[in-house]
Every structure is written in C-alpha cells, then in structure tokens.
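Listed below are the residues making up each chain.
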Amino acid sequence: MANILTLIILAVIGYWAMMIISRKKRELADKELLHREQFLKETQSLLKMEAPVTVDIAEQSPTLQPTSNTDFVQKVSDYFSAQGYSITQSPKAEGIDLIGVKEKELLLIRSDNVIKEVKKIDLQLFISECSVYIDNNPMLESRLLMRLYATNRPITEEAQRFVRENPVSLRLIEDI
C-alpha cells in the first residue's frame, strides 16, 4: 500500500513539474515575441524618422547630370532582367526599389542616383530596411539573400571601406 501511495505522489510531483516547465516555456516564447515586435516597431519608426536628403541643383556639376530616378531604376531593372532574374518593383517596402528572384536567390536592390554622395549611414539604413523586410516576409528566409546598392553617384571613403569590410552584407554596383 505504501508503494502505491509513493508512486502516486511521485506521479503528481512529476505532472506538477511538467506543468511548471511548459508554462515557463510559453511565457518565455511570449516574451521573445513581444520583444521582437517591439524591436521591429522601433526599427521601423527610426527608419521613418530619417530626414529626407535634398539635393541643391545649383551645386551639381554639369558633368554629373543624373537621369531621373525612375529612369535609373528601369536601367537597373533591365540589367538584372538580362541576367535572368524576375524583377518586380517594390512599392510596399520602404528603401527597397526592386526585388529580384532567380531559382533560390533573392535580390533586394536599392537604386539611387538622387543623393549627392553615398555615405556609410545610407548603406547601413539599406541593410536594416532589408532586414525588416525579410522579418516581415518569413517565406523569403529560405532563399539566398543578396543586398545590392546600385548608384552612379560618388561614394565617400567611409562608405567604400564599409562595403569592403562587409562583403557578405552588401554589394555596391557603380557601373550600370
């Protein structure tokens, strides 16, 4: 009789321990989800607070007359279409102009020819915008991601150093 009573007590203790463990796991998962959502909201609000960059037309040299940004985006789109990528424009993704897909590859492309010069912060913002886009579209995580910043504007030395130090995170395209 004592053995049966001991066995019942051990079963109750085991069940109680399993309930506590499963509740703690649920609480931890909920907390992680809350932190992730908060991080995404803060990141998106920071990206939206970025001051717009204006270009004074009087300061531009006559040799650097850019085509309109839509023409440049179309030129970049044509370039990657010729390489076999299925290119679509991305009006929903802030900071990403074009999205290219080819087999298991995913291209997130920023085409910029309006700013005076490309700075390190511009490249970092683009990387963060790509991360937010991938986080909001988890079905794309299985693809090989390539972030491409296409521009025909001058690039600061700091930005060039950033690209050299982070070749996996970002590729810079200047010759389209």
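Residues numbered from 1 in each chain as written. Predicted model: local features only at pLDDT ≥ 70, side-chain atom pairs only at ≥ 80, totals over all residues. Heavy atoms only, no water.

1. Topic: the overall build of the protein
Under the convention used in this document: Only DSSP runs of H or I covering at least 4 residues are called helices, and only runs of E covering at least 2 are called strands; the numbering of each starts at the N terminus. The buried label goes to any residue with under 20% of its type's maximum accessible area, the exposed label to any with over 50%, and the partly exposed label to all in between, with areas taken from a 1.4 Å probe on protein chains only. Residues are treated as being in contact if the distance between any of their heavy atoms lies within 4.5 Å. In short, Shrake-Rupley with a 1.4 Å probe defines the accessible areas, and a residue's cover is counted only from the protein chains shown.
If you tally the helices and strands in the protein, you get 4 helices and 5 strands. Going from N to C terminus, the protein has its helices and strands arranged as α-α-β-β-β-α-β-α-β. A buried classification covers 31% of the 176 residues belonging to the protein. Relative to all contacts within the protein whose residues are 6 or more apart in sequence, the contacts with residues 24 or more apart total 62%. Counting only carbon and sulfur atoms, one obtains 59% of the accessible surface of the protein, whose full area is about 12,300 Å².

2. Thoughts on helix α3 (residues 120–136)
Quick note on the threshold: Helices are assigned an expected span. That span is 1.5 Å times one less than the residue count.
The end-to-end C-alpha separation of α3 is 25 Å, in line with the 24 Å expected for 17 residues at 1.5 Å each. Residues of α3 that are buried include every one of Asp122, Leu123, Leu125, Phe126, Ile127, Glu129, Cys130, Val132, Tyr133 and Ile134, and no others.

3. Brief notes about the sheet that holds strand β1 (residues 86–89)
For clarity, the threshold we go by: Two strands form a pair only when DSSP identifies at least two bridges running between them. Between N-to-C directions, angles cover 0 to 180 degrees, with each direction set by a line fitted to C-alpha atoms, over the stretch in contact for helices.
With mixed pairing, 5 strands are arranged side by side in an open sheet as β1-β2-β3-β4-β5. On the outer flanks of this sheet lie β1 and β5 (171–173), each paired with one strand and no other. Neighbour to neighbour, the strand axes of the sheet diverge by 25 degrees on average, direction disregarded. Two elements, strand β4 (residues 144–151) and β5, share 3 bridges in a ladder whose sense is parallel. When the bridges of β5 are listed, alanine 150 appears paired with isoleucine 173.

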